[in-house]
Amino acid sequence: MSQALQAVRGMNDILPDEAAFWELFEETVRDWLKGYGYRPIRMPVVEPTPLFKRAIGEVTDIVEKEMYSFVDGLNGEALTLRPEGTAGCVRAVIEHSLAARQTQRLYYFGPMFRHERPQKGRYRQFHQVGVEAFGFAGPDIDAELILMGARLWADLGLDGIELQLNSLGQPDERAQHRAALIDYFLAHADQLDEDAKRRLHTNPLRILDSKNPALQELCGKAPKLIDYLGAESLAHFEGVQRVLRDAGLPFTINPRLVRGLDYYNLTVFEWVTDKLGAQGTVCAGGRYDGLVEQLGGKPTPACGFAMGIERLIALIKESGGEPAAPAPDVYLVHQGEAASRLAFRVAEGLRDQGLDVLLHCGGGSFKSQMKKADGSGAAFAVIIGDDEAATGEAQLKNLRQDGIAQRKLKVDELAEAIIGYLIDSDEEE
Ligand code: ATP
Ligand code: MG
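Everything quoted here is computed from the prediction, not taken from an experiment.

Scoring rules and cut-offs
Residues numbered from 1 in each chain as written. Chains lettered and ligands numbered in written order. Predicted model: local features only at pLDDT ≥ 70, side-chain atom pairs only at ≥ 80, totals over all residues. Heavy atoms only, no water. Near = heavy atom within 4 Å. Polar contact = N/O pair within 3.5 Å; in protein donor to acceptor, adjacent residues only side chain to side chain. Areas by Shrake-Rupley, 256 points an atom, 1.4 Å probe, with all protein chains shown as cover. Helix = DSSP H or I, 4+ residues; strand = E, 2+ residues; numbered from the N terminus. Contact = heavy atoms within 4.5 Å. Pairing = 2+ DSSP bridges. Axes fitted to C-alpha atoms, helices over the stretch in contact; angles between N-to-C directions. Core = buried A, V, L, I, M, F, W, Y, C linked by side-chain atoms within 4.5 Å. Buried < 20%, exposed > 50% of the residue type's maximum accessible area, 1.4 Å probe, protein only. Left-handed = near helix turned anticlockwise from the far one by under 90°. Nonpolar A, V, L, I, M, F, W, Y, C, P; charged D, E, K, R; others polar. Parallel < 35°, antiparallel > 145°, perpendicular 65-115°, else oblique.

Enquirer: What should I look at first to understand the site of ligand 1 in this one?
Expert: Neighbouring ligand 1 are 17 residues, the closest being R114, E116, R122, R259 and T281. In this structure, an oxygen atom belonging to ligand 1 sits 2.8 Å away from a side-chain N or O atom of R122. Contact between ligand 1 and K211: an oxygen atom at 3.2 Å from a side-chain N or O atom of the residue. Calculation on ligand 1 without its partners gives an accessible area of 590 Å², and the protein chains cover 90% of this total. Among the elements that line the shell around ligand 1, the one with the most residues is strand β10 (residues 281–287), at four residues.

Now the structure itself:
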């Protein structure tokens, strides 16, 4: 036997039991998005490498060390597996002029790729739901995007996810803060680690995002961006907060919330839980008014967020959420050639009536087939032997309730009998 191959480190198979949680999650999310007027968009998983360099920024963790980039061996094109969805979404919006004359509310689901050190809540292939709104300049959409989050946590039955909020102001305000930050860190250069030293002159704001415990105190006392915001930026920030307060949604302003990507301005936010250990951010986003123009489109204000599906599903499990066990309505047991041929017809007929049917495949005795029927969780077994087949009949056996006698019915009467029972038992519950 040759040696079995394994999945790439940090890239997970999602097996059926686990996938049931994903489907439940996706259903809930689609309903929720519909409730806010968001429409789906699907972009490729691979994009030209320069897209991410331009969108995310050269001096970011993602572009510096996390991207799966490669050269297409056939035409020499530089390509990258997408590490996030906003860049590709903006590219698509520009390429197809989606936001040229109208606003757009869009969402997507899908895998993202980052070469990180795999650990709980941090994978090399992970999945996000991304939500993006184009063409809205005011703080109302920022606030709505945030309120949406709160509703989703409720829809998913999650609590204890807390909102952190900050404003990054506009580029000129950031430039002033940046100068002050460089002066501050230069004055404490002896305390900086290698990463921070390297970023001091390229992207000092990123130092604030450092996860190094030794830097926390230094970062805590650094000049705060909020003190450099002008009247307009402050008004926008206040506008967002007002809606949140009106809605009774608690939040914390975290001046050190700067986000790991370069394209944000004004509002940034994260939803954080303490139930998942170090990887506690389940959703993050903000405004990125400059990005569309930066990627070659007409200036278009934009705002959005992305949530980490693995982390949210971990949280759903942690709080005891369970997808309903998938059970068919009917398990179809059959033996003999005529019976098998009839069984296929009966199964399709029941499905025509909207019933879920597991048709036994692979032969075997009635006894072993009935065991499988019990194990499947089906409400009914429909049993066809050659005797029944000869008369166009089948046995109907209730698998959920003891003491109900098996009945022989014409195959045409099966659907009605089963549906009638299912409706009655729904009403009893
Ligand atoms: P972190 O600080 O945890 O690295 P990030 O700021 O890099 O997160 P974003 O780019 O904002 O993350 O992505 C949005 C969300 O996607 C995160 O809040 C998280 O829930 C999820 N996420 C990001 N990277 C990973 C990963 N490697 N594995 C699993 N989920 C991830
Ligand atoms: Mg990261």
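Enquirer: So what exactly am I meant to see when it comes to the environment of P223 here?
Expert: As for its placement among the helices and strands, P223 is situated in the loop between α9 (216–220) and α10 (231–246). With 127 residues separating them along the chain, P223 and H96 place their C-alpha atoms 42 Å apart. In this view, P223 contacts H177, A180, L181, Y184 and Y228; residues no more than four positions away in its chain are not counted.

Enquirer: Is there a simple way to think about the sheet that holds strand β6 (residues 125–134) in this case?
Expert: Working definition: the strands of a sheet are paired by backbone hydrogen bonds and lie parallel or antiparallel to each other. Reading across the sheet, the eight strands line up as β1-β5-β6-β11-β10-β9-β7-β8 and stay open at both edges, with mixed pairing between neighbours. What marks the edges here is a single partner per strand, and that holds for β1 (39–40) and β8 (252–253). In this sheet, β8 lies alongside strand β7 (residues 162–167) in parallel orientation, the contact comprising two bridges. Of the residues in β8, the one forming a bridge with L165 is I253. Taken strand by strand, helix α4 (residues 86–95) contacts β5 (104–113) and β6, and its axis lies near 40° from that of β6.

Enquirer: Is there a simple way to think about the nonpolar core in this case?
Expert: Note on soluble globular proteins: their nonpolar side chains tend to be buried together. If you look at the biggest cluster of nonpolar residues, it comprises 46 residues, and the most contacted ones within it are C89, F134, F185, L208 and Y288. The element contributing the most residues to this core is α4, with five residues. Discounting residues that sit within four places of it in the chain, C89 has contacts with I41, M43, L106, Y108, E132 and F134. Core analysis: the second largest hydrophobic core is formed by 42 residues, L158, L165, C283 and I313 among them.

Enquirer: It is not clear to me how unusual backbone geometry should be interpreted in this structure. Could you clarify?
Expert: Not every positive phi belongs to a glycine, and S97 is a case in point at roughly 50°. The residue S97 is located in the loop between α4 and β5 in this model. Judged by relative accessible area, S97 falls into the partly exposed class, the value being 43%. Although it is not a glycine, L266 sits at a positive phi angle of roughly 45°. Relative to the assigned elements, L266 resides in strand β9 (residues 265–272). Overall, L266 belongs to the buried group, its relative accessible area being 5%.

Enquirer: What is the right way to look at the environment of D386 in this model?
Expert: Tracing the sequence through the fold places D386 in helix α15 (residues 386–391). Between the alpha carbons of D386 and S340 there is a distance of 8.6 Å; along the sequence they are 46 residues apart. Leaving out residues up to four positions away in the same chain, D386 has contacts with Q335, G336, E337, A338 and A339. Of note is the side chain of D386, whose polar atom sits 3.4 Å from the backbone nitrogen of A338.

Enquirer: Explanation requested: the pairing of strand β11 (residues 302–308) in the structure shown.
Expert: Regular strands place their side chains on alternate faces of the sheet. Of all seven residues in β11, seven are buried, a share of seventy percent or more. Neither face of β11 is open: one carries A302, G304, A306 and G308, the other C303, F305 and M307, and all of them are buried. Two strands pair when backbone bridges link them, and β6 and β11 are joined in this way by seven bridges, in the antiparallel orientation. Bridging from a neighbouring strand, F134 pairs with A302 of β11. Where β10 meets β11, five bridges bridge the pair, whose relative direction is antiparallel. What sits directly across from C283, in β11, is M307.

Enquirer: How should the sheet that holds strand β3 (residues 68–71) be read in this particular structure?
Expert: Taking strand neighbours across the sheet as the criterion, the three strands line up as β2-β4-β3 in an open arrangement whose pairing is antiparallel. Each edge of the open sheet carries a strand with a single partner, namely β2 (46–48) and β3. For this sheet, the mean inter-axis angle between neighbouring strands, taken without regard to orientation, is 35°. With four bridges joining them, β3 and strand β4 (residues 78–81) adopt antiparallel strand pairing. The residue of β4 that forms the bridge with S69 is T80.

Enquirer: How do you make sense of the packing of helix α1 (residues 16–34) against helix α5 (residues 139–155) when you look at a structure like this?
Expert: Each pair of packed helices can be summarised by the angle the axes make with each other and by the distance between the axes. Taken N-terminus to C-terminus, the directions of α1 and α5 make an angle of 140°; their axes are 10 Å apart at the nearest point. Pair α1 / α5 crosses with right-handed handedness. On the side of α1, the interface is formed by T28, V29, W32 and L33, while α5 contributes M148, G149, R151, L152 and D155. Of the residues assigned to the contact of α1 with α5, the class counts are five nonpolar, two polar and two charged.

Enquirer: Sorry, what's going on with the packing of α1 against helix α12 (residues 309–318) here?
Expert: Between α1 and α12, whose axes approach to 11 Å, the crossing angle comes to 105°. By the criterion of interaxial angle, the relationship of α1 to α12 is roughly perpendicular. Packed against α1, whose contacting residues are E18, F21, W22 and F25, the element α12 presents I309, E310, L312, I313, I316 and K317 at the interface. Residues belonging to the contact of α1 with α12 are distributed by class as follows: seven nonpolar, no polar and three charged.

Enquirer: What is the right way to read the environment of R30 from this model?
Expert: For R30, the location among the structural elements is in helix α1. The spacing of R30 and A78 is 48 residues in sequence and 34 Å in space, taken between C-alpha atoms. Ignoring anything within four residues of it in the chain, the contact list for R30 reads R42, Y107 and F109.

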